Amino acid sequence: MNKRYYFVTALVGVIALGVGIVIGYFVIKKQQNHDTWKYDRLTRQADKKNYQTFIDSVQAANIEANLKDLTSRPHLAGLPEDLESAEVVAERWKNDGLLVIKPKYNVLLSYPDDNNLNRVTLTSDDGSVIIQTNGTEKVYNSTQPKTVNPFLAHTPNGTVNSTKLFYGNYGALEDLQKLASVVGNASLQGSIIIMRYGSIFRGDKIMHAQYFGAIGAILYNDPADYAPFGTTADQVYDQKWYMPPSGAQRGSALILDGDPLTPIYPSTDYMYRLKEENVKYLPRIPAQPIAYAEAQIILQYLGGNEVPVEWRGALQNVTYRYGGELYNGSTIEVKTYNKLQRKDTYDVIGIMEGDIEPDRYIVMGNHRDAWSLGAIDPTSGTATMLEITRVLGEMYKNGFRPRRSLMFCSWGAEEYGLIGSMEYVQEYVKVLGARIVSYLNVDSAVQGNHTILVKTAPMLFDIIVEASKMVPSAYDAPGQTVYDKWMRVNRNNITDEPKLTYDRGSGSDYFSFDQLVGSSNMDARYTYNSAEQRNIASHPLYHTSYEVFSMMKKFVDPDFTAHRTMGQFIGVLVLLLSETPVLQFNVTRYTTTLMQAMNNLKPNDPTVLDPLRNAINDFGKTAEDFVARSKLMDRENPYEIRFYNDQLLQLERSFLNPLGQGGDYTDFKHIVFAPSKDNQYAASGFPTISDAIFNNNQTEIEYQVAIATYFVRGALSILKDFNNFFS
Ligand SMILES: [Zn+2]
């Protein structure tokens, strides 16, 4: 009995132990599974199927329908149509499943007077009018909604007269210096200067004229730059996409970006506003754009010597002269009725929350406001962005969850000086500065059907190339990618890579992300063949009332495949940036960029650059070490990945000088890439050093080299070991 009892007891014990072990085994196993599952999820690799799903889902027909709808109504900033267009975008994004807000800013905008047209008048000494400009453009299609007449936003109203008229070529600083050297500084005082569009930002033309003593300015689009194949009816709009004789380019003349009354700070309700008379960036002289058919007559009355060949335009029966006293005692008058007005403008922000890293944002943006119907600028971008969000919304409904948060932005009042994006970034600069990985900008997404045109931060180079290899080229043989076309038509033969530019200037809404946020950003568009188009200054109907849907359909992108390509390219780039645990940024691109930027500087004494050269060499070595270390990273450890990614994000940010370029409080903060002072559209490496060299100021050169050296050394410290970041 006892034996049996013991046997049974022992047996029960063994079984219990066994069961216990088995239960324990499964419990522990389950626990491990659970931990591993959590761990795996955090470091999950990108599901590459999503890239192809995205590419396959973008439909040209949808973008065409978007563009047709969006360009059927005017959408100028600050008018009721600003809010209406914002609501259209907001509704679409809500349907796509995005979280949507509409930030509103009250900002200083500018409008002409519909009842009193802005005009330029040339009068002979007997008082008879030789020509008075129309103030409007010819209407080719009477069913087209009326849009704002040609004017230069933020220029004052007023009437100015002069018997002296000068021709200032493109109005660049060196153009007006040359003009002054030929005709004498004194004779420019009290004059009116006529200049052609192209080459530099229009606001700088007017500021230069003002600086040289002019009391008024006139701008026009010379056929040499906007209708190079001739100006007869069959050679221009509405038979071709070239500027017709009555066309005129609208645009802002504001030198500062953002609301002029609240520089540096957002235009929120509580913000202090400058008095208008204290805003030094507002132009002080009346100015007006006119048609080239009108300029042709006015230029015939110019006196003075003939200009050199490179100053000559292509107007028939005009001998291009420097000007002076007008022939026959004539008088030129500029009369404008523009009004500055504080208005509300709206951004629309749509967010798809990230599943694993919701605190990291991949941002795409495009402005929504247009001078006229804006079929190219910017609505080709808006039409494309809405297709990108539609596809991502569909994918979301089918279970896709982005790793990082995706943020889509539709900006207001860009045309008036990047105002909507500047105010938003200024308001949330701390949040955005801490969290944004990249900002991808489109403005005029499609201005041609030839190839892609990219401006980017250096570290995005490789990921952009990767995206271009995934996307079919528009108007090309089957199987050809954006990359193939790019390499065929725009190749850097030394590096055997596609050409792109690192200089971004301040031409669109990426500016505040470059200069205030410090993320690594890109701007892209599909463009025309510049050589074939005889190097036109821009797409010819830029900012005219002829930028309409039918123009896009007839002359630019008939089947909307260029739009589709842009949608696929930008969208896949969003996914490449959001889905990989380890960011695909290339730091060594920064080394070559810094070297190039420095080599572009040409001081009389090259040794003045030695401290900067040494810092860049050290940067190069540190970057190599950083890359070598990253190869040893434990890619299953989410912390290690985050450490690495954060160093990449901090690197671009470390080039921002919080005080602004040159030590004054400006929004130009990037020490390597910021606009130069004389041309807002351009940018050059190390702009403060290049300005000091331009001014031949030795002390200033040394000072600015020291500052740049400090920022390059700061940047390399970011890439060093955490316990030894000292340089
Ligand atoms: Zn634009």
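Residues numbered from 1 in each chain as written. Predicted model: local features only at pLDDT ≥ 70, side-chain atom pairs only at ≥ 80, totals over all residues. Heavy atoms only, no water.

### Description of the overall build of the chain
Operational definition: Only runs of H or I of at least four residues qualify as helices and only runs of E of at least two qualify as strands under DSSP, and these elements are numbered from the N terminus. Exposure classes here rest on a 1.4 Å probe applied to the protein chains alone. A residue is buried below 20% of its type maximum, exposed above 50%, and partly exposed in between. Contact criterion: two residues are considered in contact whenever any of their non-hydrogen atoms come within 4.5 Å of each other. Only the protein chains shown count as cover for residues, and all accessible areas are computed by the Shrake-Rupley method using a 1.4 Å probe. His is not counted, nor are the chain ends; Lys and Arg add positive charge and Asp and Glu add negative charge. Taken as the charge centre is NZ of Lys, CZ of Arg, CG of Asp or CD of Glu, depending on the residue.
Secondary structure summary: the chain contains 22 helices and 24 strands in total. Counting only C-alpha atoms and orienting by the principal axes, one finds that the chain spans roughly 140 × 65 × 55 Å. Relative to its full complement of 727 residues, the chain shows a buried share of 58%. Here the contacts in the chain between residues at least 6 apart in sequence split such that 79% fall between residues at least 24 apart. Total accessible area on the chain stands at roughly 29,600 Å², and carbon and sulfur atoms take up 52% of it. Here the chain carries 69 positive and 81 negative side-chain charges, and the mean point of each set is 6 Å from the other.

### As for the UniProt feature "domain: Peptidase M28" (unreviewed entry) in the chain
Going by this rule: UniProt positions are given in the numbering used here, feature names are shortened, and annotations may be inferred rather than shown by experiment.
When the UniProt feature table is mapped to this numbering, "domain: Peptidase M28" (unreviewed entry) covers residues 348-548. The span residues 348-548 is 30% helix and 23% strand, and its two end C-alpha atoms sit 23 Å from each other.

### With respect to the nonpolar core
Convention followed: In this text, buried Ala, Val, Leu, Ile, Met, Phe, Trp, Tyr and Cys residues form a nonpolar core when linked through side-chain atoms within 4.5 Å.
Grouped together as the largest cluster of nonpolar side chains are 170 residues, with contacts concentrated most on F619 and F686. Counting residues per element, this core draws most heavily on helix α17 (residues 561-579), at ten residues. Excluding residues within four positions of it along the chain, F686 makes contact with L594, A597, M598, L601, L612, I616, I671, V672 and A708. Judged by nonpolar contacts, the second largest core, of 33 residues, contains L109, V425, L432 and A674.

### Brief notes about helix α2 (residues 49-57)
Keep this limit in mind: Taken from the helix axis, the directions to the C-beta atoms give the arc we talk about.
All of the buried residues in α2 are N50, Y51, F54 and I55. With its buried residues spanning 135° around the axis, α2 presents them on a single face. Seen from the buried face of α2, the exposed residues on the opposite side, beyond 90 degrees, are K49 and D56. Buried positions along α2 lie against α10 (379-397), α13 (461-470) and α17.

### Looking at the packing of aromatic side chains
Applied cut-off: Aromatic pairing here means that ring centres of Phe, Tyr or Trp (its six-membered ring) are within 6.5 Å. Orientation follows from the plane angle: under 30 degrees is stacked, over 60 is edge-to-face, and everything else is tilted. In this scheme, Lys NZ or Arg CZ marks a charge over a ring once it lies within 6 Å of the ring centre and within 35 degrees of the ring normal.
Taken as a whole, this structure holds 30 aromatic pairs when the rule is applied. An angle of 45° between the planes, with centres 6.0 Å apart, marks the rings of W411 and F513 as tilted. Of the two residues, W411 sits in strand β17 (residues 404-411) while F513 sits in helix α15 (residues 510-517), which places them 102 residues apart along the sequence. By the burial criterion, W411 is buried, and F513 matches it. Through a chain of ring-to-ring contacts, the aromatic side chains of W411, Y424, Y428, Y439 and F513 assemble into a single cluster. Here the basic side chain of R401 rests over the ring of Y396, its NZ or CZ set 3.7 Å away from the ring centre. Over the face of the ring belonging to F461 we find R589, whose NZ or CZ atom lies 3.8 Å from the ring centre.

### Here's the deal with the packing of helix α21 (residues 687-694) against helix α22 (residues 698-719)
For clarity, the cut-off: Axis lines are fitted to C-alpha atoms, over the contacting stretch for helices. Their N-to-C directions set the angle, which ranges from 0 to 180 degrees. Small angles under 35 degrees read as roughly parallel and large ones over 145 as roughly antiparallel, with 65 to 115 read as roughly perpendicular and the rest as oblique. Here the nonpolar group is Ala, Val, Leu, Ile, Met, Phe, Trp, Tyr, Cys and Pro; Asp, Glu, Lys and Arg are the charged ones; every other residue, Gly included, is treated as polar.
For the pair α21 and α22, the least separation of the axes is 9 Å and the interaxial angle reads 170°. By the angle class used here, α21 and α22 are roughly antiparallel. Residues T688, I689, A692 and I693 of α21 form the contact with α22, whose own contacting residues are E700, I701, Q704, V705 and A708. The residue makeup of the contact of α21 with α22, split by class, is six nonpolar, two polar and one charged.

### Points about the pairing of strand β4 (residues 129-132)
Looking along a regular strand, one sees the side chains alternate between the two faces of the sheet. Inclusion rule: Any two strands between which DSSP finds at least two bridges are classified as paired.
Inspection of the sheet shows strand β3 (residues 119-123) paired to β4 by three bridges, in the antiparallel sense. Paired with T121 across the strands is Q132, a residue of β4. Counted between consecutive antiparallel strands, the loop separating β3 from β4 contains five residues, among which G127 sits at a positive phi close to 90°.

### Some thoughts on the packing of helix α4 (residues 80-95) against α10
For clarity, the threshold we go by: Here a crossing is taken to be left-handed if its near helix is turned anticlockwise relative to the far helix by less than a right angle, and right-handed if that turn runs clockwise.
In the contact formed by α4 and α10, the axes pass within 9 Å of each other and the chain directions differ by 20°. With respect to α10, the axis of α4 lies roughly parallel. Crossing handedness for the pair α4 and α10: right-handed. Mapping the contact onto sequence places V89, R92, W93 and N95 in α4 and T382, M385, L386, T389 and K397 in α10. When grouped by side-chain class, the residues that make up the contact of α4 with α10 number four nonpolar, three polar and two charged.

### Comments concerning the environment of R284
The line we're drawing: Here a polar contact means two N or O atoms within 3.5 Å. Within protein one must be a hydrogen donor candidate and the other an acceptor candidate, and residues neighboring in sequence count only if both atoms are side-chain atoms.
Position of R284 among the secondary structure elements: in the loop between β10 (251-252) and β11 (287-290). By relative accessible area, R284 is classed as partly exposed at 43%. Each C-alpha atom of the pair R284 and G216 lies 9.0 Å from the other, and the pair is 68 residues apart in sequence. Ignoring sequence-local partners within four residues, the contact set of R284 consists of P156, Q210, E276, E277 and V279. Separated by 2.8 Å, the side chain of R284 and the backbone oxygen of V279 make a polar contact.

### Some thoughts on the pattern of salt bridges
For clarity, the threshold we go by: For this analysis, a salt bridge means a side-chain nitrogen from Lys or Arg found within 4 Å of a carboxyl oxygen belonging to Asp or Glu.
One pass over the structure, following the stated rule, counts 27 salt bridges. Put simply, R360 and D359 hold a salt bridge, and the shortest N to O gap is 3.5 Å. Judged by relative accessible area, which is 9%, R360 ranks as buried. Residue classification places D359 among the partly exposed positions, given a relative accessible area of 30%. In this structure, the salt-bridge partner of D496 is R491, at a minimum N-O distance of 2.7 Å. Given a relative accessible area of 43%, D496 falls into the partly exposed group.

### Topic: the sheet that holds β3
The strand order across the open sheet built from four strands is β4-β3-β13-β6, with neighbouring strands paired in antiparallel fashion. The two strands at the open ends of the sheet, each matched to only one other strand, are β4 and β6 (158-162). Along the sheet, successive strands turn relative to each other by an average axial angle of 15°, direction set aside. Sitting on the sheet, helix α9 (residues 292-299) touches β3, β4 and β13 (331-336), and the angle it makes with β4 is about 150°.

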